[in-house]
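Coordinate analysis (summary)
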Amino acid sequence: MKKVSILLTILIMTLGSFSQQLPNTSLGSLKKLKKTDNGLLIETSFGKAQVTVYSPSVVRIRIVKADFDTDFSYAVISNPEKVNFSILQTKDLVTLATDSLKLEISTQPVRFKFLTPDNRLVNQDDESFGTNWVGDEVTTYKKMQDGEKFIGLGEKTGNLNRRGEAHVNWNTDNPAYQVDDDDLYSTFPFYIGVHHGLSYGIFFDNTYRSIFNFGASNDRFSSFGADGGEMNYYFIFHSQISQILNAYTTLTGRINIPPVWSLGFQQSRWSYFPDTEVLNTARTFREKKIPLDVLYLDIHYMDAYKVFTWHPERFANPAGMLSQLKSMNVHTTVIIDPGIKVEKGYKAYEEGVKQNYFIKYPDGKEYTAQVWPGWCHFPDFTKPVVRKWWGNNFAPMIDAGVEGFWTDMNEIASWGGGFSPSILTLDWEGRFASYRQAKNVYGMQMSRSTYEGTRSLMNGRRPLTLTRASYAGAQRYTSIWTGDNFASDAHMMLGCRLVNSLGLTGMAFSGVDVGGFIGETSARLFGRWISIGAFSPFFRVHKAANENSSEPWSYGEGIENIARNYISLRYRLMPYLYTAFAEAHKTGMPVNRTMVIDNTTDENCWRNEYQQQYMFGPSIMVAPVESNKEITKVYLPHGNWFDFFNGKPYDGNQEIMTECPLEKLPVFVKGGSFIPMQTIVQSTSEKPSDTLFLHVYFGKESSVYHYYEDDGLTYDYEKGTFLESKMSFVAGEKKIVIEPMAAEKYSSKFKTISLVLHGFEPVAGQLKANGKAVQPAATTIDLFNAVYRKDAVSLDSPEMTQKVLVISGLKANEKSEIAW
Ligand code: GLC
């Protein structure tokens, strides 16, 4: 009897709990509305909201349960502009409108809806949930629009279109990650949504562990949320993705123009040592005529892995070695880890303890975890004095000749899985934050400190900075690589997507470990990967300890030739590449650009089979292909195109089959483009000939190119010491106009221009340069072969050579007009 009544009670309780509802924890109904100088303050029956108009196209939304925190961001560097906007209030609706964007706020309950000025729906909250809390976890739910696609989030695996995916941002050391692993090294909580011909961006500036869901495990909404902190997002509306990127990088900053040598080829190994091996490696590059600009020293250069030290035997005379490298035109980058060895007498340790520079537990004891040197303390890079101290520690290295600084293990990584306790307390610019809030920005602040320190110590010269862990805005301080990848075709293809995706979040200077860091690299894989690497912003071969050698000559003569050719091609393309970096600095347009930036409404560019394709700068399209393929499908979007190597013309808007033997990466050039090239050099310190080879590709539509040049080494460009030359292809008038390559403060290093015309068929006698008839030279060029050897692939091979018309001897510092 007793048993039955207990069972009955349980049953009643269970049924009861089914009919019960959790309390509503979404933003409530409007109670108070206040207009402010640049937006609105809203109080609701549950929670508060703040709307700030940043520009006619950018609106910031902050939502809290109780009170707003002090406003602070490591990512955002711009303030709201003075913007005209109107407010209209009815019982059910508050409407805020700028020239470019309308925000409708329903009042019962408060939900946000963004519209175009002509009332087309861009983005709207899920009506039931809007912004909602579960404990401290805060999430904004957005109604999924019909056919909506999503791109962004930077360093995330998965597809270009993230629809149906969810991603977590929690900076994690994930060696040999799988191609579908989610927990990688960096956090870029920015994405772009596209539907019905409209596009918008959302930047969720919250450093806690965050989750973005684009319809994974649900068919109702997309959402973004974090374990703690405020709902704090910037809504960007523009008709073009390029404009959204411009607005995002107006908020979070843009890359500095890197030292030109860091755009050359970079060779790394865990680790080259002792000094004689480093020098031999450099010498081998020179002997083999494989261009090289940078060598890397991984952890073995240090004494017992102690940062800011040199190993006393392996590198007994660092300055001597560095000056020998310099005499071979090789720049040196060293790895720097945050873990500072706990060791009495070690300067960095003693100073850090004495001055309170290390991360602590709330009871005041330093946090200790194990990394390469054993037990370590970790500098608190969210504390300004610590950043200054850390930065100044580079002085002896810079004096010795180091110019590149590679910050690693900054997630923070430690043995035992990197599970640093949440209770650790960081300074957070004097505001104090738990590790839960600070973890995702630790790497960014380490690279900031490294960049600011080294820049101030290098007498106006540009340092190279590279990081593994990062947060939005880190582009202001550093380049990035995608950590410990694997030697496989799948990883090579993923790497293309990662770099393209990083470019969508401001990180224009990014790359992968070419060849694959972990695992045995096959000769074919290396051959293909190095050719793709030549068309990526950051171009470095790196290999883990205990793996095969991975220098360009390690895979046999055939691969060595392919490597030499592609690396040399990269150096020929340096004027074009450098101009692309200047564009990233000026506008936020990335160097590697997924095809959907320019072809947003072209469904083919979204297809998984073409999702790796990208523009390398404005004019060159790369169609990455696996190492075992000899023939592949490529999609050519709108416009007309040329095969980069053999000049074959194609109409756009079509899929083509193209051969891709190992030596021929499918690369195409857009019709109407300018591609400035120079003669092959062995490093960027070597002067090319004083002729700029300006390749022009015939197009049906007009185009404009802004060639950029500066000294490549200093920050004088910030004071106007650079030149920009406008180059126009005017299809209708059948002319090319090149403005002088000279400015008040800076003149080009090129004295003459050779115009290399692709796909032009001028009527005999009609071609004119500056009004005078000219006879172009009809010649065959070979962009593939660096060294014209008899047994080389492309010598006389129609697949790798092309016929062009050349007009030489144009004066670089004068205006030229070519008509046909
Ligand atoms: C980490 C880095 C890798 C480096 C190694 C040794 O795994 O990601 O690039 O070579 O540490 O420093």
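These numbers were taken from a predicted model, which means no experiment stands behind them.

As a further point, take the overall build of the protein. Across its full length, the protein holds 13 helices and 53 strands. Its C-alpha radius of gyration of 28 Å places the protein within 12% of the 28 Å reference for a compact globule of 820 residues. In terms of its C-alpha atoms, the protein occupies a principal-axis envelope of roughly 100 × 70 × 60 Å. Looking at the protein as a whole, 62% of its 820 residues are labelled buried. Of all intrachain contacts in the protein linking residues separated by at least 6 positions in sequence, the fraction that spans at least 24 positions is 70%. Working note: accessible area of the protein is about 30,600 Å², and carbon and sulfur atoms make up 51% of it. Here the protein contributes 83 positively and 88 negatively charged side chains, and the mean placements of these two sets differ by 3 Å.

Attention shifts here to the packing of helix α10 (residues 523-533) against helix α11 (residues 557-572). Two elements in contact, α10 and α11, have axes separated by 9 Å at closest approach and are oriented at 5 degrees. Between α10 and α11, the interaxial angle falls into the category roughly parallel. The segment α10 lies against α11, with A523, R524, F526, G527, I530, S531 and G533 engaging I559, I562, A563, Y566, I567 and R570. When grouped by side-chain class, the residues that make up the contact of α10 with α11 number eight nonpolar, three polar and two charged.

With that settled, consider the sheet that holds strand β42 (residues 667-670). As summarised here, the arrangement of the six strands in space is β35-β36-β37-β42-β39-β40, forming an open sheet in which the pairing is antiparallel. The outermost strands of the open sheet, each flanked by one partner alone, are β35 (592-594) and β40 (649-651). Adjacent strand axes in the sheet meet at a mean angle of 35 degrees, parallel and antiparallel pairs treated alike. Summarising the sheet, strand β39 (residues 640-643) and β42 pair through three bridges and their orientation is antiparallel. For D643, the partnering residue across the bridge sits in β42 and is F668.

Under the definition given, this model contains 41 salt bridges. Ionic pairing is found between R564 and E560, a salt bridge with its closest N-O pair at 3.0 Å. Note that R564 and E560 are positioned in helix α11 at a spacing of four residues, about one turn of the helix. Summarising the burial analysis for this pair, R564 and E560 share the class buried. With its nearest N and O atoms 2.3 Å apart, the salt bridge here joins E609 to R607. Overall, E609 belongs to the partly exposed group, its relative accessible area being 44%.

This next bit is on the site of the ligand. Taken together, the neighbourhood of the ligand is formed by W270, D298, I299, I335, W372, W406, D408, R468, W481, D484, F517 and H542. In the environment of the ligand, an oxygen atom lies 3.1 Å from a nitrogen or oxygen atom belonging to the side chain of D408. Contact distances for the ligand include 2.8 Å between an oxygen atom and a side-chain N or O atom of R468. Relative to its unbound accessible surface of 310 Å², the ligand loses 97% to contact with the protein. The class makeup of the residues in the shell around the ligand is seven nonpolar, one polar and four charged.

Take α10 next. Of all 11 residues that make up α10, nine are buried, and the element is covered over most of its length. Regarding α10, the residues found buried are L525, F526, G527, R528, W529, I530, S531, I532 and G533. On its buried face, α10 is in contact with α9 (489-503), β33 (513-514), β34 (540-541), α11 and β36 (614-616).

This paragraph deals with the nonpolar core. Among soluble globular proteins, nonpolar side chains are generally buried collectively. With 209 residues, the main nonpolar core has F535 and I736 as its most contacted residues. Leave out the neighbours within four places in its chain, and F535 touches Y566, L569, R570, L573, N592, Y614, F616, I620, V622, L665 and V667. Residues V94, L101, I105 and Y208 belong to the second largest nonpolar core, which totals 40 residues.

Rules used in this analysis
- Residues numbered from 1 in each chain as written.
- Predicted model: local features only at pLDDT ≥ 70, side-chain atom pairs only at ≥ 80, totals over all residues.
- Heavy atoms only, no water.
- Helix = DSSP H or I, 4+ residues; strand = E, 2+ residues; numbered from the N terminus.
- Rg over C-alpha atoms; globule rule 2.2 N^0.38 Å.
- Buried < 20%, exposed > 50% of the residue type's maximum accessible area, 1.4 Å probe, protein only.
- Contact = heavy atoms within 4.5 Å.
- Areas by Shrake-Rupley, 256 points an atom, 1.4 Å probe, with all protein chains shown as cover.
- Lys, Arg positive; Asp, Glu negative; His and termini not counted.
- Charge placed at Lys NZ, Arg CZ, Asp CG, Glu CD.
- Axes fitted to C-alpha atoms, helices over the stretch in contact; angles between N-to-C directions.
- Parallel < 35°, antiparallel > 145°, perpendicular 65-115°, else oblique.
- Nonpolar A, V, L, I, M, F, W, Y, C, P; charged D, E, K, R; others polar.
- Pairing = 2+ DSSP bridges.
- Salt bridge = Lys/Arg side-chain N within 4 Å of Asp/Glu carboxyl O.
- Near = heavy atom within 4 Å.
- Polar contact = N/O pair within 3.5 Å; in protein donor to acceptor, adjacent residues only side chain to side chain.
- Core = buried A, V, L, I, M, F, W, Y, C linked by side-chain atoms within 4.5 Å.

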